[in-house]
Amino acid sequence: IANQVTFNCIDFEKMAIDFVRSRIQKIPESLRANLKVNYNNINIIEALRKSSLEKKITRQDLIYAIGVFDYLNDKLAIRLVKVLFDLLKPGGKLIVCNANVDKTPQRTYFEFLGEWYMIYRTKEGMLQWATQLVGVKNTSLEVASGNNCYLFLILEK
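Numbers given to residues run from 1 along each chain, matching the order in which its sequence is written. The model is predicted, so local features are restricted to residues of pLDDT at least 70 and side-chain atom pairs to those at 80 or more, both for listing and for counting; the totals for chains, interfaces and linings are taken over all residues. Note that the side-chain values use all heavy atoms of the structure and ignore hydrogens as well as water.

Trainee: Tell me about the packing of aromatic side chains, and please be specific about residues and values.
Mentor: Aromatic rings in a pair are described by how distant their centres are and how their planes are angled relative to each other. Aromatic contacts are taken between Phe, Tyr and Trp rings whose centres are within 6.5 Å, Trp giving its six-membered ring; a plane angle under 30 degrees counts as stacked, one over 60 as edge-to-face, and the others as tilted. Taken as a whole and judged by the stated rule, the model has one aromatic pair. Over the face of the ring belonging to Y39 we find R21, whose NZ or CZ atom lies 4.4 Å from the ring centre. The lysine or arginine in question, K157, covers the ring of F85, its NZ or CZ lying 5.3 Å from the ring centre. Either the NZ atom of lysine or the CZ atom of arginine qualifies as a charge over a ring when it sits within 6 Å of the ring centre and within 35 degrees of the ring normal.

Trainee: I'd love a proper account of the pattern of salt bridges, names of residues and values included.
Mentor: A carboxyl oxygen of Asp or Glu within 4 Å of a side-chain nitrogen of Lys or Arg is what we treat as a salt bridge. Under the defined criterion, the tally for this structure stands at six salt bridges. As a salt-bridge pair, R59 and E54 come within 3.4 Å of each other at their nearest N and O atoms. Each residue gets one of three labels from its accessible area relative to the maximum for its type: buried under 20%, exposed over 50%, partly exposed in between, using a 1.4 Å probe on protein chains only. Among the residues examined, R59 registers a relative accessible area of 38% and is labelled partly exposed. Of the residues examined, E54 reaches a relative accessible area of 35% and is grouped as partly exposed. Two residues, R121 and D74, come together in a salt bridge whose shortest N-O distance is 3.0 Å. Note that R121 is positioned in the loop between α5 (107-113) and α6 (123-128) and D74 in helix α4 (residues 74-86), a separation of 47 residues in sequence. Note on R121: relative accessible area 5%, which makes it buried. Taken together, the shared-partner salt bridges connect K14, D18 and R21 into one network. Strands are runs of DSSP state E lasting at least two residues, helices are runs of H or I lasting at least four, and both sets are numbered from the N terminus onward.

Trainee: I'd love a proper account of the nonpolar core, names of residues and values included.
Mentor: Generally speaking, soluble globular proteins have nonpolar side chains that are buried together. Remark: nonpolar core denotes a set of buried residues (Ala, Val, Leu, Ile, Met, Phe, Trp, Tyr, Cys) joined through side-chain atoms within 4.5 Å. By size, the foremost hydrophobic cluster in this structure holds 27 residues, and its most contacted members are F69 and L94. Taken together, the elements giving at least two residues each to this core come down to α2 (44-48), β3 (60-65), α4, β4 (88-99) and β6 (150-156). Among the elements that line this core, the one with the most residues is α4, at six residues. Any two residues whose heavy atoms approach within 4.5 Å are treated as being in contact. When residues no more than four places from it in sequence are discounted, the contact partners of L94 are I63, V81, L84, F85, L88, L153, I154 and L155. Core analysis: the second largest hydrophobic core is formed by five residues, I95, C97, A144 and F152 among them.

So this is what it looks like as structure tokens:
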């Protein structure tokens, strides 16, 4: 990393934050001299309040959200998309991931073995999350390559 970069890791699970911290610490210090990482363990209620997130992070160039929207109903998903989008700098991008209802080969594994009961979504359903946002310059939706089991909503401010 040639220039100073700051990452704000936010997760609802402390174990996930601890895992990322332990992996980053394994990188030789000389290779992470320009890297600053802030670790934030917050709950979903805090995340849904824009003021709570603004205290933890400043305006962002990129926000990447994976592993949370799969568990939120549409009302909460729309609310969280708005909160996250409002935290972007002009020109910034928000990327939101959700499991694809059309391609779910691992659904049995997730639900039966992992006890993960996710909300699988369509492209059209995820695109609806952005219809009420102000200041969106570009909206797109990409399907993950391979078995196409994830959708990525990309919003540019």
